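Examination of the molecular architecture
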Amino acid sequence: MIKIENLEKVYRTEEVETKALNKVSLEVNEGEFVAIMGPSGCGKSTLLNILGLLDEPDGGSFKFLGTEIAKFNERNRADLRKRNIGFVFQSFNLIDELTVFENVELPLIYLGVGASERKEKVEKVLEKMQIMHRRNHFPQQLSGGQQQRVAVARAVINNPKLILADEPTGNLDSANGNEVMELLTELNEAGTTVIMVTHSEHDARYAHRVIRLLDGEVVMENVREQFTV
Amino acid sequence: MDYNLKMVRNYFKIAWRILLKQKLYSSIKIGGFSLGIAACLLISLFIQDELSYDQHYPNKNRLYRVISEANKSGKITKGISFPAPMAKALKNDYPEIEQVGRFNPNELFGAGSAEVRRGDKRENFYEEKITYADQGMLDILQVPMVYGDPKKALAEPNTIVISKTKADKYFPNENPVGKTLILNNNEKKPYKIGGVMEDFPSTSHLDFDFLLTLTGVEFWPGEQGTWMASNYATYIMLRPGADAAALEKKFPLIIEKYVIPSLIEAGNVDVKDVAKQGKIVLQPITDIHLNSADIMEYGSNHQSDIRFVWLFGAIAAFILIIAGINFINLSTAKSANRAKEVGLRKVLGTYRSNLVQQFLAESILYSAISFAVGLLLAWLLLPFFNTLAAKSLVFPWREWWLLPTMASAALVIGFLAGLYPSFYLSSFKPINVLKGNVSRGSKSAGTRSALVVFQFTASIILIVGTFIIYRQMNFILNKKIGFEKDQVLLIQGTHTLGDKVKTFKTELLRLPEVKSVSISDYLPIKGMKRNGNGFWKEGKHKEESATYGQMWRIDHDYIKTLGMKIVAGRDFSQEMATDSGAAIVNQALVKEMGLKNPIGARISNSWEHWTIVGVVEDFHFESLKENIRPMIMDLGHSPSVVAVKVKSADMPEFVQSVSSVWKSFAPDQAIRYTFLDQSYANMYADVQRMGRIFSSFAILAVIVACLGLFALSAFMVEQRSKEISIRLVLGASGYSIFRLLTQNFLKLVLIALVIAAPVAWYLMQKWLEDYEYRITINLDVFLIAGILAVVIAILTISYQSVRAAFMKPVDGLRAE
């Protein structure tokens, strides 16, 4: 599904050049659950942003679903993104001014889905995430765990092939954190590919495979045959 | 070095660096603010000038102009003209009055303008600002004199007092007292110079260069004693301590004692109401300039209106407040950038009070720079403003108060404008800031939205006003006015030719370009010669009330030359000897007199009779503010203007040939000419000025409003950057982000339009009501002004919205 080769990303200020990613190569197959780990500043988030088509690489090749997209412009990336990728963030990134229902509905609006179909789909996913009773609340009225479930609901509303999760449990206590990891696992078992950046060895154990980054380079890949909680 | 001083230096250093770093914001902040300050400064100068009128008279608190109030069925007309004996009667009958004086600036009696020359020279110069005046006038105004005795400069018959400027013109480097001036080539009546006065200051409601004495003057036999003709502006000086209001209460006696007996003597039967309808009041001389809008005066250029002072003052205050609020908005809009600095400083142990001081110092620095720029801007714009307001203001660089006032104003305004931002910015909690949870200002945008609505309401009102004024102007200039104003040359001052004016006409007719020539002072342009008469159907003097109107002396070619239309009867004809007793009247007279068969009807005034031979289609001879009044025209000699209707289009060449003809007749007098269409357009110079003032303020208001909007859109984009990023991550298109950010503001502009439209309609309708002939306000002005406001608003917001739309989706999420 994803194949990157010699990917590079450089941040420049007037005098300093920082290589955030240095010739990173990796492959993720459909249906995989991959965790990316590494210390602060190792380039995890940069890699995730590029994988999520939020940022463009400065060099190397990036094939997504068999298409070379390293040179895509923002418009084309946005197009690809909204059809195929769902995002879950550490700080949830819900829009404070919109209700739970409206937040989850948003990706469908940008896909041009009709109102009645939107309502049906949103209600279905809210039921599934068990937050239907909170549909008319605003994000601030919810607990952290509930907010992250709304964020997951929003990420899966358009049945993406890929879910990118950036420290999805970072702002949650362990009970709520586990709940979110269970959700991601369920989604993965239903066929969705999941790539997750995490600091937590505990969370990483949910993944099939762990990629470790250091100073912008891949230093290790461990594959797990079996994962235990 | 002292600690505090070091801190202050440090504050200004940081402020200066930030100013340089945020170039766009700094220049908008300073630019907008200094524009507001410049506008305020100019308007203050204007108001100061307006309020300083007639303050220079030593006895200003005892000086009054006498005003008549006539109440005709509820409509009050105020005037300044009184019968000749009024002044003397006032002085004799009321001991409270110390001294009186009179002016008669009326063209009809030879004042107003004249061709002037030295008694010992031949060359004539055209002069205006000529009036008849009493010696009493010099006494009560205490006009400062350069030469001559102020106590008796006008005391003797045939004396004249001239201004210093004119003395320098006619008698350079000499004392002209005792020398003579000749007016209009009238060598039988030379004027002896009794004194040279200082020029009237520009802040005087009176502005004359030549004062002809009234001593020994009588314009017709018995004129000085009659109460039946009102031609004199009358001024009084009260004794110290006298009460003007108490004196006014005694004035009805004047009407009882002098006016009513005269009316009865003239044969009027119904005089009971006269005392009730007429009233005499006193106007303080210092009130004349600003509070005479409702008083009929002859051709005063110096009249202003207190309403303009209020309007200008309100605009100045409005601009300064808006500019100040913009300043605050721009400061808080960039708050997130400062949050980190604030957090760090607090972590390092700064007190909040230090931070407040720091931000105040910053604001004062901005304010000081803005004042300096504003001062410069005002100075540069002053010539333009002078044209706009028809003033000749001088920038007060040399006044001692300028710099101290500006410096303290900069300090105070900088302090006030910095107060809110400094408390707001210094309130950031260090933990939140360092964690990245920057509070980005209150989410309740209520006040800010109200501000935008307010700014755009004002802008739209001014835009609509501008459109309507220009449309009315266009309407005036293109209206069918009943005569042809194009291709008519007016040669002025031809009365000095004496009898030769008719030969001059004949000579002009020889020029191949000339279609026709007419000699008459009475032209359908405001400010030309006018008179007033009561007309009756012949023999109905005692039974019917008079129809008041103009009586114009014209010649055989007048109607033809001015392209007027005879709608009944005929034009005057050389072949008809009886035409010396004939008259042509306008439709207004026919209507008002109720003449069923005007042709052949006989009419009269108090001393002449006419047979009507023709009716001319109504033509406008005053401004379109007024209705067309009745008039009659008869054959007569009024030789100071010659009108020439021209065939050819090559005017410069034609003027050349006319000039050479003129030269052969009057080698000592420069030709003075104008074109009828130009004179017509000049009548509406005030409308044009109004249009320019409105468009200037409209542009200023739009600029100020746009700066505010720009600040607000920046603020909003900053506030919503996280939301925008999330939307972009979820696949929002750039266009949908642009629309999201723009539509809120458009809503505000539309609300402004809804508020502005009725207000503008009402105000402009009021303005148009001054015009008897006016346009109707169409809906399309509001539509155009609305579209204009929307387009301007979109353009202003675009910079920020487009930037947001092209933002990389991750940018707004980085802080997390």
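These numbers come from a predicted model, not from an experiment.

When you go through chain B residue by residue, the secondary structure sums to 23 helices and 25 strands. For chain B, restricting intrachain contacts to residue pairs at least 6 apart in sequence, the fraction spanning at least 24 positions comes to 82%.

Looking only at helices and strands, one finds seven helices and 10 strands in chain A. A compact globule built from 229 residues would reach a C-alpha radius of gyration of about 17 Å, and chain A, at 18 Å, matches this within 12%. The principal-axis extents of the C-alpha atoms in chain A amount to approximately 50 × 40 × 35 Å. The buried share of chain A, reckoned over its 229 residues, is 44%. Of the contacts made within chain A by residues no fewer than 6 positions apart, 69% connect residues no fewer than 24 positions apart.

As a further point, take the pairing of strand 9 (residues 209-214) of chain A. All names here are of chain A. Bridge count for strand 3 (residues 33-37) against strand 9 is four bridges, and the pairing is parallel. Within strand 9, the position partnered with Ile36 by the bridge is Ile211. In terms of strand pairing, strand 9 meets strand 10 (residues 217-223) through six bridges, oriented antiparallel. Each bridged residue has a counterpart across the sheet, and for Val210 the counterpart in strand 10 is Asn222. Where strand 9 hands over to strand 10, the hairpin turn is made up of two residues, of which Asp215 adopts a positive phi near 50°.

Okay, the environment of Leu184(A) next. Relative to the elements of secondary structure, Leu184(A) occurs in helix 6 (residues 174-189). Leave out the neighbours within four places in its chain, and Leu184(A) touches Ile163(A), Ala165(A), Pro168(A), Val194(A) and Tyr206(A).

Residue and element names in this part refer to chain B. The sheet built from four strands is open, its strands ordered 16-24-15-25 with antiparallel pairing. The two strands at the open ends of the sheet, each matched to only one other strand, are strand 16 (514-519) and strand 25 (672-675). Shown here is a sheet whose adjacent strand axes are inclined to one another by a mean of 20°, direction ignored. With four bridges joining them, strand 15 (residues 488-492) and strand 25 adopt antiparallel strand pairing. Each residue of the ladder has a partner; that of Leu490, found in strand 25, is Thr674. Lying on the sheet, helix 15 (residues 501-510) is in contact with strand 16 and strand 24 (641-646); it crosses strand 16 at an angle near 170°.

Here we take up the sheet that holds strand 4 (residues 59-64) of chain A. All names here are of chain A. One open sheet holds the four strands; their spatial order is 2-1-4-5, and the pairing between them is antiparallel. Edge strands, defined here as strands with exactly one partner in the open sheet, are strand 2 (17-28) and strand 5 (67-68). Where strand 4 meets strand 5, two bridges bridge the pair, whose relative direction is antiparallel. Bridged to Phe64 within strand 5 is Thr67.

Another aspect to go through is the environment of Phe33(A). Residues and elements named next belong to chain A. Topologically, Phe33 is positioned in strand 3. The exposure class assigned to Phe33 is buried, which follows from the 22 C-beta atoms found within 10 Å. For Phe33 and Ala155, which are 122 residues apart along the polypeptide, the C-alpha to C-alpha distance reads 16 Å. If we skip the residues at most four places from it in the chain, Phe33 touches Asn188, Val194, Tyr206, Ala207 and His208.

The next thing to look at is unusual backbone geometry. Residues and elements named next belong to chain B. Positive phi, normally seen in glycine, also occurs at Asn158, with a value near 60°. For Asn158, the position within the fold is in the loop between strand 7 (145-147) and strand 8 (159-163). Judged by local crowding, Asn158 falls into the partly exposed class, with 15 C-beta atoms found within 10 Å. Its identity as a non-glycine residue notwithstanding, Asn185 has a phi of 60°, on the positive side. Note that Asn185 resides in the loop between strand 9 (180-183) and strand 10 (191-197).

To continue, consider the interface of chain A and chain B. Listed as interface residues are 13 residues of chain A and, on the opposing side, 13 residues of chain B. Taken together, the elements giving at least two residues each to the side of chain A that touches chain B come down to helix 2 (74-84) and helix 3 (100-111) of chain A.

With that settled, the discussion passes to the domain arrangement of chain B. Each assigned domain of chain B is listed here: domain 1 (3-47 + 306-473 + 686-716 + 753-778), domain 2 (60-296) and domain 3 (488-682). The straight-line distance from the C-alpha centre of domain 1 of chain B to that of domain 2 of chain B is 49 Å.

Here we take up helix 11 (residues 352-389) of chain B. Residue and element names in this part refer to chain B. The end-to-end C-alpha distance of helix 11 is 49 Å, clearly below the 56 Å that 38 residues give at a rise of 1.5 Å each. Along helix 11, the largest kink reaches about 50° and is centred on Leu382; proline Pro383 follows within four residues of it. Following helix 11 by one or two positions, Ala390 has its phi on the positive side, about 55°.

Residue and element names in this part refer to chain B. In this model, helix 23 (residues 779-805) (27 residues) spans 36 Å end to end at C-alpha, consistent with the 39 Å of a helix rising 1.5 Å per residue. Largest kink in helix 23: about 45°, centred on Ser798. Among the residues of helix 23, those classed as buried are Val781, Phe782, Ala785, Gly786, Ala789, Ala793, Thr796, Ile797, Gln800, Ser801, Ala804 and Ala805.

Residues and elements named next belong to chain B. Direction vectors running N to C along helix 2 (residues 23-51) and helix 11 enclose 50°, while the axes themselves pass 6 Å from each other. The angle between the axes of helix 2 and helix 11 places the two elements in the oblique class. In terms of crossing hand, the pair formed by helix 2 and helix 11 is right-handed. Tallied by class, the residues present in the contact of helix 2 with helix 11 amount to 19 nonpolar, three polar and one charged.

Quick look at the nonpolar core now. Of all hydrophobic cores here, the largest spans 161 residues; its most connected members are Ile36(A), Ile460(B) and Val464(B). Looking at this core, the element that brings in the most residues is helix 20 (residues 685-719) of chain B, giving 19 residues. Setting aside residues no more than four positions away along its own chain, Ile36(A) makes contact with Lys44(A), Leu47(A), Leu48(A), Ile195(A), Val197(A), Ile211(A) and Leu213(A).

Definitions and cut-offs
Residues numbered from 1 in each chain as written. Chains lettered and ligands numbered in written order. Predicted model: local features only at pLDDT ≥ 70, side-chain atom pairs only at ≥ 80, totals over all residues. Helix = DSSP H or I, 4+ residues; strand = E, 2+ residues; numbered from the N terminus. Contact = placed C-beta atoms within 7 Å. Rg over C-alpha atoms; globule rule 2.2 N^0.38 Å. Buried ≥ 20, exposed ≤ 12 C-beta atoms within 10 Å, placed from the backbone. Pairing = 2+ DSSP bridges. Axes fitted to C-alpha atoms, helices over the stretch in contact; angles between N-to-C directions. Domains from an automatic or database assignment. Expected span 1.5 Å × (residues − 1). Bend = angle between axes of the 7 residues up to and from the residue. Parallel < 35°, antiparallel > 145°, perpendicular 65-115°, else oblique. Left-handed = near helix turned anticlockwise from the far one by under 90°. Nonpolar A, V, L, I, M, F, W, Y, C, P; charged D, E, K, R; others polar. Core = buried A, V, L, I, M, F, W, Y, C linked by C-beta atoms within 7 Å.

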